[in-house]
Structures are given as C-alpha cells and as structure tokens.
Amino acid sequence: MDSDQTENHDKGMKRLMSILLSIAIIISASGYFMGLVQTKNDIAAQKENKWEENKAIDPNRDSSSLPTAPHYTEQSDARWKANDDWEGHFARLHPQAVTRDPTNPSHPHEFEAAIAARLDRRAYDTAPPVVPHSIDEQDPRACLTCHAPGNARLIGDRLTPTISHPSFQNCTQCHVPASGQHELSQTPPSTIAVSSLENEFSGQQPIAHDEIAYENAPPVLPHPVWMRQNCLSCHGEGRPSAIRTSHPQRQNCLQCHAQNHVLDNREQIINQFPDFTPIPLPEAPESNPDQTAGSAHGEHE
Amino acid sequence: MLTLERRKFLKLAALTAASSAASRRAGAAPLAANNGSSLAGLDWQKAPCRFCGTGCHVKVGIRDGKIAAIAGHENAEVNKGLLCVKGYHVGGILYGKDRLTTPQLRDANGELQDITWEEAINVIADRVMEAPEKFAFYGSGQWTIPEGYAAQTLMKAGLSNNHIEPNARLCMASAVTGFVSTYGVDEPAGCYDDLDHCDVLICWGNNPAEMHPVLFSRVMDRRSRGEKVELIDIGTRRTRTTEFADHFMNFRPQTDLAIANCIARHLVYTNTYDKRFVEKFCNFRADIEDGLDLMGRPIDFAAYKEMLDPYTIEYTSKLSGLPAEQLQHLCDLFADPKQKITSLWCMGMNQHTRATAINRLVHGIHLLSGKFGVPGNAPTSLTGQPSACGTAREVGTLCHALPGGLLVAKPDHREHCEKLWNIPAGRINPKPGYHTVEMWTRFCTPTDEGGDISTIIVQVTNPGQTLPNLKKTFQAKKNLKDKFLIVSDVYPTATTALADLVLPAALWVEKNGVFGNSERRTQQWFKLVEPPGQARPDTWMTLAIAHRLLELGHPGMKDKDGNFILAVHDEAGNEVPVWDFDHFYDINVDEALFEQYRPFTHKKHKNVAPYQELVKHTGMRWPVVQDESGEWRETKFRFSEFSDPFVEKGKEIQFYHSTTDDDRAQIWFCPYEPHPEEPDDDYPFWLCTGRVLEHWHTGTMTMRVPQLANAMPKTYCELNPEDASELGITNGDPIVISTRRGDITVPAWTNGRGRPPRGSLFVPFFDETKLINELTLDAYCPISKEPDYKKCAAKIRRA
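The rules we used
- Every chain is numbered on its own, with residues counted from 1 as its sequence reads.
- Following the order in which they are written, the chains are lettered starting with A and the ligands numbered starting with 1.
- Only residues with pLDDT of 70 or above have their local features reported here, since the model is predicted, and side-chain atom pairs are shown and tallied only from 80 upward, although totals for entire chains, interfaces and linings are computed over all residues.
- Put simply, DSSP marks the helices as runs of H or I at least four residues long and the strands as runs of E at least two long, and each gets a number from the N terminus on.
- The burial label depends on the number of other C-beta atoms within 10 Å of a residue's C-beta. Counts of 20 or more mean buried, 12 or fewer mean exposed, and intermediate counts mean partly exposed, with C-beta atoms placed from the backbone.
- Contact between two residues is assigned whenever their backbone-derived C-beta positions fall within 7 Å.
- A pair of strands is considered paired only if DSSP assigns at least 2 bridges between the two.
- Axis definition: a line fitted to C-alpha atoms, limited for helices to the stretch in contact. Angles are taken between N-to-C directions and run from 0 to 180 degrees.
- Remark: nonpolar core denotes a set of buried Ala, Val, Leu, Ile, Met, Phe, Trp, Tyr and Cys residues whose joining runs through C-beta atoms within 7 Å.
- To be clear, the arc concerns the directions from the helix axis to the C-beta atoms.
- Roughly parallel means an angle under 35 degrees; roughly antiparallel, over 145; roughly perpendicular, 65 to 115; everything else is oblique.
- Put simply, a crossing is left-handed when the front helix is turned counterclockwise from the back one by less than a right angle, and right-handed when it is turned clockwise.
- Asp, Glu, Lys and Arg are counted as charged, while Ala, Val, Leu, Ile, Met, Phe, Trp, Tyr, Cys and Pro are counted as nonpolar; the rest, among them Gly, fall into the polar class.
- Each domain's extent is set by a domain assignment, obtained either automatically or from a database.
- Every helix has an expected span of 1.5 Å times one less than the residues it contains.
- A residue's pLDDT is the predictor's confidence in that residue, given on a scale from 0 to 100.

A. Expanded view of the overall build of chain A. Scanning chain A from terminus to terminus reveals four helices and two strands. Reading the helices (α) and strands (β) of chain A from amino to carboxyl end gives α-α-α-β-β-α. For chain A, buried positions account for 17% of its 301 residues. Taking all contacts inside chain A whose residues are at least 6 apart in sequence as the whole, residues at least 24 apart take part in 66%.

Below, the structure is given as structure tokens:
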C-alpha cells in the first residue's frame, strides 16, 4: 500500500515534471524563434543606417579590445572586420578528416602541393609571406589574436599558423595583405599576390631537398632557421599534412635535425669590385705624374 | 656600323668577364660549390637597401646574373638581420617590364624617339654651352656619394654655377638649419644605439611604425625582452605608431612650437633644468628683431626666461588642444634627471613653415634638460632617403653649400675648396644659386618674365610628382617651348612625361655606389648585375657631359694645370678615359671619386672612412679616424669625450664647431606663430600628405613590385568618421578634395590605417594617377626654404 502510494505519487510527480518540462521547452523554443525574428528585424533596421561602419572607434579604448563580433545569426554572411574575404564564412567551411597517419610518409605530390602553396604567397623562398586575407589596418597586434602561440584557431580544416618569431610584434612591417584596401572595394579579394603588373622578377624556388647521411638518418634541415624559432609553427599538429612531423611527441627538433651547413647565413659574402676584361685603350694615355687619384691624408683643421 | 660591331664585341666581352667572375666567386665558396643542388647556384653579396634613410644592409642572392632572393644582413648593426616589406622585395624593383633602356629625344611632334648615347650627351652639352648660367642640376638624396660629388664638381668647380639642388631640400633642409644654428655643424650627434638605451622615446609628428619600421622594431622589440620603454606619440592623427604608444598627444597642427616652449618654460620656471650642463655647454639665442635668419642674435638667460613666460601649461593647452595633464607629463619627464629621452622626428617637423624654429626648440629642450651626449639621451632627426645625409648634406649638393659642410658664401670655405679641387682662385661663384622651389618656379616662368633657368637635368628623382603646387612649379613647363628638361630615370614617371630628353639609368646594384644613412653611417656596395639595355650609371652621364664640355672648349672644365676637373687616374697615375663608357669599368670610378671627395670632409671633422675600409664593413659612422694602432675607428656619439676623438681631453662635451666659437651649443627661443594657410570657413579642413609603409616616395620603384602594389594599390583620403557622416560620405565613396590650388577625386577611408581627428584629412602621395601635390602649398620655411606638405586648408565633398 505504502509502496503503491509512493509509486502513484512518483508517477504523478513524473507526469507533472514532464508537463512542466514540455511547457518549458515550448516556451524556450518559441522564445528562441521570437528572438530570432526580433534580431533579424533589429539587424534590418541597423542595415538601413549606411553610416554604421563609420562609427568612430573610441580612441581611449583598451588596447586589448577587439572589433565587435557580428551577431551569430549573421555570421554566415557577416563582413568580418579583418578576415571577411578569407574563408571566414562559416557556412562555406567543411571540416575534413586528417588525411594521413602521422607515422606514414606523405605522398610526393602532397609534398609538392604543400611547397607550391607555400611559394604562392612568397616572392621567393624565405621572403615574408603576404597575408591571404584582409587585416586590421590599424593595430598590427590584432594579428596575434589568432596567430600568437596558443591562440591558434581551427577554421574549417585550417588551423591559423602560429607566429614563428614571437619576439617581433610589428607584424605588418613585413607581412602585407595579398590584396589590400579591401574596405575600399577597389580590388577583388585574393589570397596570393596576383601580378597584374608586368614584372620579370623570378624568385628563388624552395631549395628543399633531402640531405640524409644514410638510410633512416634524421634529415638535415632543408631551409634556414633564421626567424624560425618555433619549428612546430609549420610542422606541428594541425599543419598541412605533407610537412607535419611524424613524431609530435618529440619536442626538441634540433637535437636530431642538424642545421644546414650551406644555409643559415653562413654564406660567404665576397665584396669585391666586379671583374671586367680590360679593353685596350685606343692610344697610350699621357701620364700626369703630378696628379694622383685624390689624397688619402687630409689635414684636420 | 663599325661602332655597332665594336659595341657588340665589347658587350660579349663584358658578359664573358661577368660570368667568369661569378664562377670565380662561386669557386671561392667551396661549401656552396659542393651543394649546387641545395643552393641552386645562388651567389650572395651585400648592399645597403635602396629605399629609406634607415640604411639597412641586405644580402642579395644572385642566380644567373639576376637577383633571385633578398635577406636581411645579420651582421649589419643597423638592422641585425631584420628588414621591412619593402626591403624584402627590393630585388623586384629592377625587373619591371617598362624599364627605360634607350636614350630618347622628343621630336617636333612631341613623340619620344630613340637616339644614341653619344647624341644624347651632345644635345645636353650643346644646351649647357648655349647658356651655362641658365643651366640647373636637380638631383636627390638617392644620388650615391660619387654621383653627387661628380655633379657638384661639374657645377660649382666647373661651370661656376650654384644652381644645383637635391630633392632633399623638400625633405631635410630644415633639419640642417636646425643642427647648424644649434651646434654650428650639421647632422645628429647621437645614433641608433640611443634606441637601445632610451627609457622614453618621443615621436614628434613621426610615424616610424610605417616609415622607419626597422628602427621602430628595434625599440619596440625591447618590450618583448621585458624592458620598459615609454613611447610618446605627439601627432596630428592616430597611426600604427599610436597603437604602441603609452601616450598619444593629439595636438592642433603648428602648435608643436608652443608645446616645445611649454616644456622649456617649465624647466626654467621650476628650476628643474640641468644647470651644470647649461652653464658649461650652452648659450642662448633668439631670432633677429625684424625677420628670421640662420644665426639670429645672442640673448642672456634673463631674456630667454622672459620670452618663455607666456607658454604656461594653461595657455599651451588651450592653443594646442593637449590636456594639461599630458603637457605636465611631458614637462615632468624632461625635468626628471633619471629618464633617458630620445626624440625622433622626420617630415612632421621638417616640412613646416616654421621648421627651423621647431627643430631648434626640440634641440633646445634636450640641451636645457641635459638630455644629450650619453647613450639614450638624444635629439635625432631621421631621413627619408638612403643618402640624404651622405650625398645631399655631406657632399653639399645644395645651392648654398660646398662639400664637407662648407658654404659658398664664405670666402675661406671657397678658397679651401678651390685648393682641393685644384681650380683657379675665384672660380667658385660666391652667390648661392636658386633653391628648389625657386629653381623650378623660374624654369616654369617664361624667359622674358624673369624665368632665367632654361635647362634642367634631373637625376634619381621625380619632381613631377613631388614638388609642391605642381601646376605652378612643374606642369607650367608644358607651354614653354624654349625650356628644356632632361630626365635620367629607370621607369617612366610624371617627370619623364614632360621631359625633352630621357636618359635610361642603371639602378641600385646595377652600378657601384656609396650611401650615407641617418646616423652618419657611410655604406658601400659593388655592381652585382647588369643594367637592362643601354641603361648607364648617373656618374658616367655626368662625367661624359663634363668631358664633352671640355671638348667644346668650356674653360671651366680644366683645373689650374689645364687638366680635366673630373679626371680619374689609375695606380700608375695615368688618366683613364672613363667618360668613354667602354672604359668606365676599367677602374673603380666610385673609389677614385670618393677618395677625391674624402679630404673635403676633414675641415668640419666629418671624416668619412677610406673607401677600402668601407668595403670591409656594413657601414661606418663618421668621424672615422685612425687610432694609435692604425685601426680605423668610427664615432657613435659626437661631441662626447668618451666617444668622439675630436673632443679635447677633460672637456666632457665639446661643441667644437660652435657658432659662438666657445665650444657651446645654442639654446634658441622661437615663438609660436600661426600657419600661413589655416583652415577657414571656405576651406575648413587641414590637409596632410605623406608616405605609407608599402611604397617609397612616388612609387616609381615600389609600384612595380606586385607584393607591394597589391597591398596598397591606390591612394585614398583618410577622414574622421563624424566628418564623413555629416557630409554623407562612407567608406570607398569618391570624394573631391579642393584647395586654393586645385582639386582631386579619391576614395574616402574612415577608420582606415590612420585616423585623423575631426577637421583633418590625410592623403598619401605615392599614386602617380592622383597627384596630391597639385593641391599642396608652396609656402616654405624662410630659413631652410623647405615647403610645408603637411598643412594647408582644404574642403571636401562627395563626388
């Protein structure tokens, strides 16, 4: 009896709970959609104000403050302050599975594709890459929001590259957008520096060739390490599959991979007057023994 | 026909020689030779960067006779391996497809027709012979030292004509008058080492984050090492520099004069100035009673104090728009003996109708507070061109100057130079020539209306885009048939568009060169690649013109002994006919001319290093003198006993070229005066012009590099969002900017890279399709003759 009563009571409670729960769900769901409608109206109202993007940025703003994020309902077609021409449109991003088991070597064509993609953004191998998206023109440190160590973000299947020389903070000193002035809509967005200009400069190609002492020996670095303090910026997890380390558990890269003996700024720079085959003078010049090519010893007055 | 054949042969011979030299160099690097595959035949050489006055050293990677890579030079003290985006892409400037490769003369129909070099040199020499006194030479701070020296010698020692000017008149002439009237001799006493030691860096109307990025990083990267550097940005608009600043002091244009006076007043009236320093090393000076001149008049401390009296914090705050707390903070920093302060400035203070005054005042507050002469305490002006100091200032390619900081107006200076040039006494004309604005205005004025300049030769600069008020100072030439413009350049420009004769020039490492940077550092490089087509070095052009004048019988082309004034001799003392291009590289003409020039630098103790010493280094800061062991030593801190070999023992600080002959520097008082074209009801905006990070000056070189041109393809007008809203303008809208001199249509950019306050506009000048200098004011500082590109009155409307 007691147990029955308890059972009935429990059943009643359960029924009550489920009714309450469904009411709550209905309210919250309708509230959600109401909210959406209102937000869309709000946004529509805002869009009528064409001066919106003219709003002054508070000059006294905290230097760590960032541009306001767009509302989540408009993320799919929002004009992001810094990245709006990059694949920042979430609707278009499709996460892809990792293509390669870290312990297996990459296919040569994958490797070539990775190197080609790398060179696309550089005038020559080792040149600072151009930025494949528009940037915050004002504050170079805005770059660090996504590119600082520990700040990498996964956008689709891409992880934002981590700065490999964190002690340098004036990013735009060396890295400029592939197509700038995006705000002025003068140039179509581009992720590489398209040469609309006639220029015959032909940059040095990557000189990445395996240099291995014997089979299974750790390869020597195929590129300089100047301004590349953090190997994992390019070779760490989440980086392009073809150049990713096969042994991410090992952190001290230079323990096994020697620096290249012909790179790394050990080039011999011979500064000398260029050689020219002397052309015989038409006739012997008259000598002027009184004149010398300038006195090396002047007086100090 | 015969000459053609001969040229072909010579070209072949030169090619063979060049490739054998290259292989020899490769052979000298056995490591590289053993790893041809990994180095891909890259041959590394050194050169200073082609662009700004910072003077970074780059490594140039050459493959098959062409530049294929660039790297920062790690052993260069200036940049320590770092470059900016322009420097990393400097190799691309050589390879634009529209390089000028043949001399061209404009025919009767106004079309440019190819001619030979011989014809071109003859045309020039004939024009000069026709009226040598109406001939003018216009060069730049991108002239190498030997190029500038050759032009200087041709004009002043040869033609007795002082109408020679560099574009540097438009850029650092006011820094010169500031240094000369304060210390008696030009160029900064400090150097870039100050940036490594200062506690406070003050940027006076300066945006080094974009314009001198390597120097800016040198300071700011100290923060990432945990050091504390306070950055103060005293400016008229927010820039990328502002983003790093601890304090942004947004002042009303022109009131920098009052701000400097306010600091001086505080130091004097609160007795916090450095009494020992001032009593030992300084005098006081003010402008003459009626007008302005370079040297002014002496005043005593009491008079100085009285003159400063009006510049209270309250008064200055009202005038400048700076809050009183900000002014107080500046005053307190200078009053604190523990703070090491370095001031940096560039065009903001120099392109100013009272530029000499503001330069003097900033030197003055450093002297008054004793923030001078020890590492970290320095008033330092930066230059925008790679050899504005080395060539324009040190070789003195200005209408009033002689090599080594000497002056045409001083009889003893003329006599000294006549001796060194070995020319007859009295050859140098004692009357200064026309300064830049005057020279071009007269060129653009009809001959019968006083336009007494009839021919100008332009080398390494683009006045058709950079002169102020272009319609008056340049474009008016179009209708003057008897005026003749000769332009040597590497690409077609706004200047070659009006040229009657266009000369194709060798660029950067296509020739030998020597530059001098902002910190007195002289840097040398060798020719590394062949110029395209018939492009030739500017030094050769000047030598060839001079020699042609000699052949035509111009008496000035001979020295006292009847020898050619620009003769170059080999080791055996035989003259080498370098004016004949076939023999130009028989000898290092750069070395020969540099060594002829070097003794000129001794009189004012600006001793540059011997050429062969420069070959060994990535630049040396003058004065460079030999110590007891015979080693050549550079000088980091001038006038300071611990560093400068010319300071007498026990003097501590010695201004040994003092204008008052007592080893003291001058602390000047100069009043605040309003700008000649302040905004009014008709033209309510301030218009400022300037550079951007990606482009260097008129973009002649950088607009040919895809990475740079794509990043910053077109000019624009920065304006305040509230002004934009009021006028119905939004981002990207075309707007018409008008001044009393012209108008231009450019897109508006609000909240762009730089952000001006209300009532201010900023337009970069790199875009040759939008000549903002058609709008700028040609008013100039009456002492330095440098125009004000930073301020004039404008109005805008939506196009």
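B. Representation of the sheet that holds strand E13 (residues 341-345) of chain B. Residue and element names in this part refer to chain B. Pairing in this open sheet of five strands is parallel, and the strands run E10-E9-E8-E13-E14 from one edge to the other. Two strands in the sheet have a free side with no partner beyond their single neighbour: strand E10 (247-250) and strand E14 (378-381). Along the sheet, successive strands turn relative to each other by an average axial angle of 15°, direction set aside. With respect to the sheet, helix H16 (residues 324-335) is in contact with strand E8 (200-204), E10 and E13, its orientation differing from that of E10 by roughly 120°.

C. Examining the pairing of E8(B) more closely. Residues and elements named next belong to chain B. The element E8 is largely enclosed, with a buried count of five among its five residues. Side chains Val200, Ile202 and Trp204 project from E8 onto one buried face, and the interleaved Leu201 and Cys203 project onto a second face that is buried too. Bridge count between E8 and strand E9 (residues 230-235): five bridges; the pairing is parallel. Across the sheet, residue Leu201 finds its bridge partner in E9, namely Leu231.

D. Representation of the nonpolar core within the structure. Counting 266 residues, the largest nonpolar core has B:Ile263, B:Ile486, B:Leu687, B:Cys717, B:Ile737 and B:Leu761 as the members making the most contacts within it. Dropping the residues within four chain positions of it, B:Leu761 is found in contact with B:Phe685, B:Trp686, B:Leu687, B:Cys688, B:Cys717, B:Glu718, B:Leu719, B:Ile737, B:Pro756, B:Ala794 and B:Ile796.

E. The arrangement of the pairing of strand E2 (residues 57-63) of chain B in detail. Residues and elements named next belong to chain B. Taken across its seven residues, E2 has six buried, putting it largely inside the fold. Across six bridges, the pairing between E2 and strand E3 (residues 66-72) is antiparallel. Of the residues in E3, the one forming a bridge with Val60 is Ile70. Joining the antiparallel neighbours E2 and E3 is a turn of two residues, in which Asp64 adopts a positive phi near 50°.

F. Fine view of the sheet that holds strand E21 (residues 521-525) of chain B. All names here are of chain B. Pairing is antiparallel across the open sheet formed by three strands, whose spatial order is E20-E21-E22. Of all strands in the sheet, those with a lone pairing partner are strand E20 (513-516) and strand E22 (620-621), marking the two edges. Note: E21 against E22, two bridges, orientation antiparallel. In the strand pairing of E22, Thr522 is matched with Met620. Sheet contacts for helix H19 (residues 388-396): E20 and E21; angle to E20, the most-contacted strand, approximately 85°.

G. View of helix H15 (residues 313-320) of chain B. Taken together, the buried positions of H15(B) are occupied by B:Ile313, B:Thr316, B:Leu319 and B:Ser320. Each buried residue of H15(B) lies within a common arc of 130° when the element is viewed along its axis, so the set occupies one face.

H. Spatial organisation of the environment of B:Phe277. As for its position among the elements, B:Phe277 is in helix H13 (residues 275-281). Residues B:Phe277 and B:Ile653, 376 residues apart in the sequence, show an inter-C-alpha distance of 9.1 Å.

I. Inspection of the environment of B:Ala665 at higher detail. Residue and element names in this part refer to chain B. With respect to the helices and strands, Ala665 occurs in strand E25 (residues 665-669). A tally of 28 C-beta atoms within 10 Å means that Ala665 is categorised as buried. Considering only alpha carbons, one finds Ala665 and Val180, 485 residues apart in sequence, at a separation of 9.8 Å. If near-sequence neighbours (up to four positions away) are discounted, Ala665 is found in contact with Thr182, Tyr183, Phe281, Cys282, Leu367, Phe655 and Ser658.

J. Local environment of the packing of helix H12 (residues 256-269) of chain B against H16(B). Residue and element names in this part refer to chain B. It is the contact of H12 with H16, at a shortest axis distance of 9 Å, that shows an interaxial angle of 55°. Viewed along their axes, H12 and H16 adopt a mutual orientation that is oblique. In the packing of H12 onto H16, the handedness of the crossing is right-handed. On H16, the residues touching Cys262, Ile263, His266 and Leu267 of H12 are Leu327, Leu330, Cys331, Phe334 and Ala335. Of the residues belonging to the contact of H12 with H16, the class tally is eight nonpolar, one polar and no charged.

K. Inspection of unusual backbone geometry at higher detail. Residue and element names in this part refer to chain B. Omega for the bond connecting Trp622 with Pro623 falls within 30 degrees of zero, at 0°, which places this linkage in the cis form. On the secondary structure map, Pro623 appears in the loop between E22 and strand E23 (625-626). With a phi close to 50°, Asn469 is a non-glycine residue in the positive phi region. Here Asn469 lies in the loop between helix H22 (463-466) and helix H23 (470-473).

L. The arrangement of the domain arrangement of chain B in detail. All names here are of chain B. As assigned here, chain B comprises domain 1 (1-40), domain 2 (42-83), domain 3 (104-166 + 397-520 + 531-588), domain 4 (176-383) and domain 5 (685-798). Domain 2 puts seven residues into the contact, and the matching count from domain 3 is five residues. Partitioning the side of domain 2 that touches domain 3 into residue classes produces three nonpolar, three polar and one charged.

M. Structural view of H12(B). Residues and elements named next belong to chain B. When the terminal C-alpha atoms of H12 are compared, their 20 Å separation across 14 residues agrees well with the 20 Å that a helix rising 1.5 Å per residue should span. Of all the 14 residues making up H12, twelve are buried; the element is thus mostly covered by neighbouring parts of the structure. Along H12, the residues classified as buried are Asp256, Leu257, Ala258, Ile259, Ala260, Asn261, Cys262, Ile263, Ala264, Arg265, His266 and Leu267. With its phi angle positive at about 60°, Asn271 sits one or two positions after the end of H12.

N. Spatial organisation of the environment of A:Arg244. Residue and element names in this part refer to chain A. Here Arg244 lies in the segment after helix H4 (232-235). On the basis of neighbour count, Arg244 is assigned to the buried category, with 20 C-beta atoms found within 10 Å. Considering only alpha carbons, one finds Arg244 and Pro161, 83 residues apart in sequence, at a separation of 13 Å.

O. Main features of the confidence of the model for chain A. Residues and elements named next belong to chain A. Per-chain confidence: chain A averages 70 in pLDDT, with 55% of residues scoring 70 or above. Least confident of the elements in chain A is helix H1 (residues 2-48), whose mean pLDDT is 67; most confident is helix H3 (residues 144-147), at 87. Predicted confidence is poor over residues 43-57, with pLDDT under 50, and the contacts of this stretch with residues over four places away or in other chains come to 17 contacts.

P. Quick peek at the packing of helix H6 (residues 145-158) of chain B against helix H25 (residues 589-597) of chain B. Residue and element names in this part refer to chain B. Packing of H6 against H25 brings their axes to within 9 Å, and their N-to-C directions diverge by 65°. Remark: the crossing between H6 and H25 carries left-handed chirality. On the side of H6, the interface is formed by Ile145, Pro146, Tyr149 and Ala150, while H25 contributes Val589, Asp590, Leu593, Phe594 and Tyr597. Of the residues in the contact of H6 with H25, the class split is eight nonpolar, no polar and one charged.

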